[in-house]
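# A structural walkthrough
Here is what each chain is made of, one letter per residue.
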Amino acid sequence: MLDIRLIREKPDFVRERLATRGGGDEVKIDEVLRVDAEWRKAETELQQLQSERNRLSKEIGGKKSRDQATEDLEASVRKIGGQIVDLNARTNLLDGEERDLLLEIPNLPHQSVPIGKDPSANRVVRSWGKKPQLTKPADHVALGAKLKLFDLERAAKLSGSDFICFTGAGAKLERALINFMVDLHTREHGYTEISPPFLVRRDCMIGTSQLPKFEPDMYGLDQNQLFLAPTAEVQLTNLHHDEILRVTDLPRKFVAYTPCFRREAGAAGRETRGIIRVHQFDKVELVKITTPETSYEELESLTIDAERVLQLLALHYRVVELCTGDLGFGSAKTFDLEVWSPGQDAYLEVSSCSNFEDFQTRRMQLRFKDRDGKNRFCHTLNGSGLALPRLFAALIENYQQPDGSVRVPEKLQPYFGAETINHE
RNA sequence: GGAGGGGUGGCAGAGCGGUUGAUUGCGCCGGUCUUGAAAACCGGAAGGCCGAAAGGCCUCGUGAGUUCGAAUCUCACCCCCUCCGCCA
């Protein structure tokens, strides 16, 4: 949520920054300002009446204690009371309207973000490793079938299309990757491991800005008013919502492995083959809660923490800085990690590392007391570290051998318990 | 599913119709003392909104009600906890 004061003071600046996203959201600013002006007018009027009531009530109290008549005063207060009720209803209505509008406006891109309409304007900031030399590489679907690593047909029996059922060595590889990543981030990168619930309340989903705008993409349990979390970002970022943290407690760094649930309503055919885009997938997520002063350094280090997974697995990847038009709703700046997929002959997004600045914390009232004793909104960041199905796919494609087996990366062998994955 | 208890400032915990936006303890910040720290002592600070400012307003889970006046009384809702039952 944007700061209403910023919108009041620099509406042109806000409009201009929003326009760089290309979503047309800048037109909402006029509406917000109109409602805000109306609300403030009503609020001021309301406060004057309340002030008057307080003054008269105090006077009544004084007179009563001296046994003096108060009928006239009481009548006046009653009259003011009626006006207050009406005006209060109005300010509440306007206030709610204003908040609803603000909740649907995306974050402002950071000044450093390249301007652009679509992914073609994204900027590759670095790449690591190189593509493996493979002649006619099989893609993960073929490899998975041959080695019986997952079974999409059987998954469909259970849950419908676009679900994965890992099997045998595939299930074990998935589990090995999870443990490998969580251990790495806890032992070497200083994150605290969390194992959160997978169902979350509506207000948490609003806090991290999946709602209200993206409700059609979410799985919800109407009966219980709960949602299946689409990413552990929701749980980890909301851990401290409605709190005032001490500055000495920051930054907080969390890592969690969780399944993630996405309806992806209307997702098109592109990039959906095999296990690349599914309704449920596992992910190891990194979240940081920081002060505003350090959040951009923390974004750099968070990205590097995620990259480290790919480096240790010796997988070629590149880091892409998203342009304004490709930025997620709440993000001010994002680096995507894209791993090389020989089978797709393309790069696959396996992580999205973003700084949300105070966009989420303003929604969820997450603050810290700074060294001057002033309460300020924290900054929040998150990134996958990493998303599993795509990492899985890239891994087996990159490590496939001429004989049809898959070699297990050295660092993963202690977790997997073998050096290769062979035919049964 | 059944029965009960409770939601107050960073935390714990008083207050139960009128200078109580709130006693106190812990924690926190500043100071004195100390080589430094601890202890002790003194002092400071709830959150938010409107306003250029002066100042004003709101908030004791949320909303409505009673009242001249509500943290305090009534009702509804939300949330948390305990016990019993069922269950992994």
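For every chain, the first residue of the written sequence is number 1, and numbering continues from 1 onward in sequence order. By the order in which they are written, chains take letters starting at A while ligands take numbers starting at 1. Restriction of local features to residues with pLDDT of at least 70 applies here, the model being predicted, together with a cutoff of 80 or more for giving and counting side-chain atom pairs; totals for whole chains, interfaces and linings are based on all residues. Hydrogens and water molecules were not included; the side-chain quantities draw on all heavy atoms of the structure.

## Focus: the packing of helix α7 (residues 168-188) against helix α12 (residues 388-398)
Put simply, the rule is: Here the axes come from fitting lines to C-alpha atoms, over the contacting stretch only for helices, and the angles between their N-to-C directions go from 0 to 180 degrees. What counts as a helix is a DSSP run of H or I of at least four residues, what counts as a strand is a run of E of at least two, and both are numbered from the N terminus. When describing relative orientation, an angle under 35 degrees is termed roughly parallel and one over 145 degrees roughly antiparallel, while 65 to 115 degrees is termed roughly perpendicular and anything else oblique. For any helix crossing, the convention is left-handed if the near helix is rotated counterclockwise from the far helix by under a right angle, and right-handed if that rotation is clockwise. Whether two residues are in contact is decided by their heavy atoms: any pair within 4.5 Å suffices. Residues are grouped as follows: Ala, Val, Leu, Ile, Met, Phe, Trp, Tyr, Cys and Pro are nonpolar; Asp, Glu, Lys and Arg are charged; every other residue, Gly included, is polar.
At their nearest, the axes of α7 and α12 sit 11 Å apart, and the two run at 110° to each other. Relative to α12, α7 is oriented roughly perpendicular. Of the two elements, α7 crosses α12, and the hand of that crossing is right-handed. Residues Gly170, Leu173, Glu174, Leu177, Ile178 and Met181 of α7 form the contact with α12, whose participating residues are Leu388, Leu391, Phe392, Leu395 and Ile396. Its residues assigned to classes, the contact of α7 with α12 comprises nine nonpolar, one polar and one charged.

## Overview of the protein's contact with RNA strand B
The line we're drawing: The cutoff for a nearby residue is simple: one of its non-hydrogen atoms must lie within 4 Å of the molecule or strand. In protein, a polar contact means a hydrogen-donor-capable atom and an acceptor-capable atom, both N or O and within 3.5 Å, with residues adjacent in sequence counting only if both atoms are side-chain atoms; elsewhere, any N or O pair within 3.5 Å suffices.
Around RNA strand B, a shell composed of 20 residues is seen, among which Arg8, Arg40, Gln50, Arg201 and Arg367 lie nearest. Close to the protein, within 4 Å, the atoms of RNA strand B are drawn from sugar and phosphate at a rate of 87%. The side chain of Arg40 places a nitrogen or oxygen atom 2.6 Å from a phosphate oxygen of RNA strand B. One of the side-chain nitrogen or oxygen atoms of Lys369 is found 3.0 Å away from a phosphate oxygen of RNA strand B. Within the residue set of the surface near RNA strand B, elements represented by two or more residues are α1 (4-9), α3 (28-65), α4 (71-103), β6 (244-246) and β12 (367-369). Residues that form the surface near RNA strand B fall into these classes: four nonpolar, seven polar and nine charged.

## Considering the side chain of Arg363
Rules: For each residue, the accessible area found with a 1.4 Å probe, counting protein chains only, is set against the maximum for its type, and the residue is called buried under 20%, exposed over 50%, and partly exposed in between. His is not counted, nor are the chain ends; Lys and Arg add positive charge and Asp and Glu add negative charge. For this document, the term salt bridge refers to a Lys or Arg side-chain nitrogen within 4 Å of an Asp or Glu carboxyl oxygen.
In this structure, Arg363 sits in helix α11 (residues 359-364). For Arg363, which is buried and forms no salt bridge, the nearest opposite charge comes from Glu104, at a distance of 7.6 Å. From its side chain, Arg363 meets the backbone oxygen of Ile206 in a polar contact 2.8 Å long. Apart from the residues lying within four places of it in its own chain, the contact partners of Arg363 are Met1, Arg99, Leu103, Ile206, Gly207, Ser209, Leu211, Pro212 and Phe329.

## With respect to the sheet that holds β6
Operational definition: DSSP-based pairing: two strands are paired if at least 2 bridges between them are found.
Read across the open sheet, the three strands follow the order β6-β12-β13; overall the sheet is mixed. Looking at which strands have only one partner, the edges of the open sheet turn out to be β6 and β13 (375-377). For this sheet, the mean inter-axis angle between neighbouring strands, taken without regard to orientation, is 40°. With three bridges joining them, β6 and β12 adopt parallel strand pairing. Looking at the pairing, Arg246 lines up with Lys369 of β12.

## Here we look at the sheet that holds strand β1 (residues 123-128)
A sheet is described by the order of its strands in space; here eight strands give the open sequence β1-β9-β10-β11-β14-β8-β7-β2, paired in mixed fashion. Each having just a single partner strand, β1 and β2 (192-194) make up the two edges of the open sheet. Recorded for the sheet is a direction-independent mean angle of 25° between the axes of neighbouring strands. Relative to strand β7 (residues 252-261), β2 is paired through three bridges, and the arrangement is parallel. Directly across from Glu193, in β7, lies its bridge partner Val255. On the sheet, helix α10 (residues 295-312) packs against β1, β8 (280-290), β9 (317-321), β10 (333-341), β11 (346-357) and β14 (379-387) and is oriented at approximately 5° with respect to β14.

## As for the environment of Leu87
When you line up the elements, Leu87 lands in helix α4. For the pair Leu87 and Leu395, spaced 308 residues apart in sequence, the C-alpha to C-alpha distance is 63 Å.

## Some words on the pattern of salt bridges
Throughout the structure, instances matching the rule amount to 23 salt bridges. The salt bridge involving Arg15 is made with Asp30; its shortest N-O contact spans 2.7 Å. Residue Arg15 is found in helix α2 (residues 11-19), and its partner Asp30 is found in helix α3; the two are separated by 15 residues along the sequence. Relative accessible area serves as the criterion here: at 22%, Arg15 is assigned to the partly exposed category. Using a relative accessible area of 49% as the deciding quantity, one classes Asp30 as partly exposed. Between Lys283 and Glu285 there is a salt bridge, and its shortest N-O distance comes to 2.7 Å. Exposure class is identical for Lys283 and Glu285. Each is buried. Salt bridges here are not isolated pairs; linked through shared partners, they connect Asp3, Arg5, Asp358 and Arg362.

## Side note on helix α6 (residues 152-159)
Two or three places before Glu153, at the opening of α6, Asp151 has a side-chain oxygen 3.2 Å from that residue's backbone nitrogen. Among the residues trailing α6, Gly160 stands out with phi positive, at a value near 100°.

## Let's talk about the domain arrangement of chain A
Defined as follows: Per the annotation, domain bounds derive from an automatic or database assignment of domains. Buried area: the accessible area, evaluated with a 1.4 Å probe, that two parts lose upon being put together, summed over both parts.
Examined at the domain level, chain A breaks down into domain 1 (4-103) and domain 2 (119-421). Each side of the interface is counted separately: domain 1 has four residues, and domain 2 has nine residues. Contact between domain 1 and domain 2 buries roughly 670 Å² in total, counting both sides, with carbon and sulfur atoms accounting for 41%. Taken as a group, Thr20, Arg21 and Leu103 account for 77% of the area that domain 1 buries against domain 2, more than any other trio of residues on that side. Run the count over domain 1 and domain 2 and you get zero salt bridges. If you look at where domain 1 meets domain 2, you find six residue pairs in polar contact (both at pLDDT 80 or more). In the side of domain 1 that touches domain 2, the residues fall into one nonpolar, one polar and two charged.

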